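A closer look at the structure
As a plain string of letters, each chain reads:
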Amino acid sequence: ALEVPDFKNALKQFQKLVEKTVTQKTKERLGLYIEDDDEIDYDKFYTTTQTLFGPEVKDHNVKAFFRKISNNLDTRTEWCEIFGYFIGESDALSSQLKEENMVFLVSEKQQITHAVVKRQDVIKGIVKVPHLDFTVTSSQKGVLTIFNNQRKSFCSCPFYFHQDTAWITGCDFLPCLKCVVAVTERTVIIWDYKSKGSQNNCFTIRPMENGLLCVCTVTMSDYLAKDNILMGDDKGYVHLLTVTSDHFGLKQCKGKKESQLQVLDSKTFNIVKRKLHDDWVVKVKYISDLNCFGSCSSDSIHSFVLDDIKRLEDNLPVKEFSVPRGVNAFTYCGKAKVIVTGG
């Protein structure tokens with residue numbers, strides 16, 4: 001299928017296709033339609049739709065949409081229905097849903113039956129690592145897990161704290177070091193999951209000045225020999241931590257079978273930070289398509305920031321906007337070229 005970079009243009013073309021199909025069906029019912037080369041049957045409707053939107057469009061969803069407009073020419077339709085997300089027909093619901101406020105998610109579901117956490121524990125972070133086909137999870141009480149989607153196998157590290165009783169608040173994957181990073185209120189954890197046998201090399205970087213609430217990895221082509229980690233805290237600061245293999249060694253300790261836990265002083269690392277919000281930073285994310293990072297907060301004035309990562313190292317103004325009661329979540333869609341926020 002063809003790639004259509006301009007999603008809005010694709011929507012306009014799809015709307016014209018629907019209108020033309022409805023007009024044809026109306027004329028057919030009135031006995032006024034004359035067959036020609038432009039006649040739209042289901043095969044032509046499906047092929048055109050898939051050309052506009054690509055392989056995300058599934059045959060059964062398009063078929064249901066085509067059947068809907070064919071059986072009821074006056075029915076209300078939404079373009080998202082071809083992706084399998086159907087709008088309810090209730091008038092009460094319809095009155096509440098406005099087009100500019102509608103957000104939907106299309107995803108494949110997979111159930112993992114293995115118990116990766118114990119009772120009275122919950123998963124706090126899930127990260128997909130596409131190039132390795134990994135899924136990384138972190139539990140609130142300290143279990144880091146890697147699920148290999150191809151091999152259907154688990155690699156788990158029960159990191160229960162002896163001196164630090166804080167909960168894990170987020171995790172991500174470091175592409176250069178090929179390690180897992182997680183954060184607690186005062187600690188950064190680096191887990192070398194590649195350790196052989198029962199060895200699990202874990203490094204903790206402490207103490208951090210403020211309570212860390214979220215973490216993400218910066219993926220940039222000019223950072224091939226190091227990993228950069230973005231973190232948000234409970235005082236409105238966004239931190240940038242740079243780590244290399246020299247910091248950890250990442251060497252196996254012979255003759256010891258138990259997990260290795262090494263504490264590293266945070267003062268020995270290059271950490272820059274800048275106060276961007278006046279309340280908790282609840283999410284940080286690096287958007288490689290835009291070469292920018294985003295951070296959001298429940299702060300009503302400095303709710304969402306989107307700018308170059310270099311702004312963390314200077315005092316130049318940042319691009320931001322405000323939302324009453326702040327922004328709790330956001331994501332970027334490369335195909336539609338939009339950022340969606342939730343408050």
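Just so it is clear, the model here is predicted, and its values are computed rather than measured.

**A few points about the sheet that holds strand E16 (residues 304–307)**
As summarised here, the arrangement of the four strands in space is E14-E15-E16-E17, forming an open sheet in which the pairing is antiparallel. Whereas interior strands pair on both sides, the edge strands pair on one side only; in this sheet they are strand E14 (281–287) and strand E17 (320–321).

**Some words on the pattern of salt bridges**
The final tally for this structure, using the stated rule, is nine salt bridges. Between Lys 68 and Glu 81 there is a salt bridge, with its nearest N and O atoms 3.1 Å apart. In this pair, Lys 68 sits in helix H3 (residues 59–71) while Glu 81 sits in the loop between H3 and helix H4 (91–96), placing the two residues 13 residues apart along the sequence. For the pair Lys 68 and Glu 81, a shared accessibility class is recorded, and that class is buried. Among the ionic pairs, Arg 311 bridges to Asp 314, the shortest N-O distance being 2.7 Å. Note on Arg 311: relative accessible area 16%, which makes it buried. Through salt bridges with shared partners, a single network forms among Arg 274, Arg 311 and Asp 314.

**Some points on the environment of Gly 211**
By secondary structure assignment, the location of Gly 211 is in the loop between strand E8 (201–206) and strand E9 (212–218). Beyond its immediate sequence surroundings of up to four residues, Gly 211 is in contact with Glu 185, Arg 186, Gly 232, Asp 233 and Asp 234.

**Regarding the environment of Glu 39**
Positionally, Glu 39 belongs in the loop between helix H1 (7–30) and helix H2 (42–53). Glu 39 sits in the partly exposed class, given a relative accessible area of 29%. Among all residues touching Glu 39, those that are not within four sequence positions of it are Gln 24, Glu 28, Tyr 33 and Lys 44.

**Side note on the sheet that holds E9**
One open sheet holds the four strands; their spatial order is E9-E10-E11-E13, and the pairing between them is antiparallel. On the outer flanks of this sheet lie E9 and strand E13 (270–275), each paired with one strand and no other. Neighbour to neighbour, the strand axes of the sheet diverge by 20 degrees on average, direction disregarded. Note: strand E10 (residues 227–233) against strand E11 (residues 237–243), six bridges, orientation antiparallel. Of the residues in E11, the one forming a bridge with Asn 228 is Thr 242.

**Examining the packing of H1 against H2**
Two elements in contact, H1 and H2, have axes whose closest approach is 9 Å; the angle formed by their N-to-C orientations is 170 degrees. Relative to H2, the element H1 lies roughly antiparallel. Of the residues in H2, those touching H1 at Phe 7, Ala 10, Leu 11, Gln 13, Phe 14, Leu 17, Val 18 and Thr 21 are Phe 45, Thr 48, Thr 49, Leu 52 and Phe 53. In terms of residue class, the contact of H1 with H2 is built from nine nonpolar, four polar and no charged.

**Observations regarding the pairing of strand E6 (residues 179–183)**
With five of its five residues buried, E6 lies for the most part within the structure. Where burial is concerned, the two faces of E6 agree: the one with Cys 179, Val 181 and Val 183 and the one with Val 180 and Ala 182 are both buried. Of the strand pairs in this sheet, strand E5 (residues 170–174) and E6 are connected by five bridges, and their pairing is antiparallel. Counterpart to Gly 170 in the pairing with E6 is Val 183. Between E5 and E6, which pair antiparallel and follow one another directly, the connecting turn spans four residues, one of which, Lys 178, has a positive phi of 55 degrees. One ladder, built from four bridges, connects E6 with strand E7 (residues 188–192); its direction is antiparallel. Opposite Val 183, over in E7, you have Val 188 as the bridge partner. Counted along the chain from E6 to the antiparallel partner E7, the turn is four residues long.

**Considerations on the side chain of Gln 24**
Note on placement: Gln 24 falls in helix H1. When its relative accessible area of 5% is taken as the criterion, Gln 24 is described as buried. Residues within four places of Gln 24 in sequence aside, it is in contact with Tyr 33, Asp 38, Glu 39 and Ile 40.

**Focus: the packing of aromatic side chains**
Scanning the model with the defined rule gives 15 aromatic pairs in all. Relative to Phe 53, the ring of Phe 14 has its centre 5.7 Å away and its plane inclined at 75 degrees; by these criteria the two rings are edge-to-face. Placement of Phe 14 in helix H1 and of Phe 53 in helix H2 is noted, with a sequence separation of 39 residues between them. Here Phe 14 matches Phe 53 in class, with each residue buried. Residues Phe 173 and Tyr 193 carry aromatic rings whose centres are separated by 6.0 Å and whose planes lie at 50 degrees to one another, so their mutual orientation is tilted. Of this pair, Phe 173 sits in strand E5 while Tyr 193 is found in the loop between E7 and E8, placing the two residues 20 residues apart along the sequence. The class for Tyr 193 is buried, based on a relative accessible area of 14%. Members of the aromatic cluster, connected to one another through ring pairs, are Phe 7, Phe 14, Tyr 42, Phe 45, Tyr 46, Phe 53, Phe 65, Phe 66 and Trp 79. Lying across the ring of Tyr 237, Lys 273 places its NZ or CZ 4.6 Å from the centre. Directly above the ring of Phe 330 sits Lys 283, whose terminal nitrogen or CZ lies 5.1 Å from the centroid.

What counts, and where the lines are drawn
- Residues numbered from 1 in each chain as written.
- Predicted model: local features only at pLDDT ≥ 70, side-chain atom pairs only at ≥ 80, totals over all residues.
- Heavy atoms only, no water.
- Pairing = 2+ DSSP bridges.
- Helix = DSSP H or I, 4+ residues; strand = E, 2+ residues; numbered from the N terminus.
- Salt bridge = Lys/Arg side-chain N within 4 Å of Asp/Glu carboxyl O.
- Buried < 20%, exposed > 50% of the residue type's maximum accessible area, 1.4 Å probe, protein only.
- Contact = heavy atoms within 4.5 Å.
- Axes fitted to C-alpha atoms, helices over the stretch in contact; angles between N-to-C directions.
- Parallel < 35°, antiparallel > 145°, perpendicular 65-115°, else oblique.
- Nonpolar A, V, L, I, M, F, W, Y, C, P; charged D, E, K, R; others polar.
- Phe/Tyr/Trp six-rings, centres within 6.5 Å; stacked < 30°, edge-to-face > 60°.
- Lys NZ or Arg CZ within 6 Å of the ring centre and 35° of its normal.

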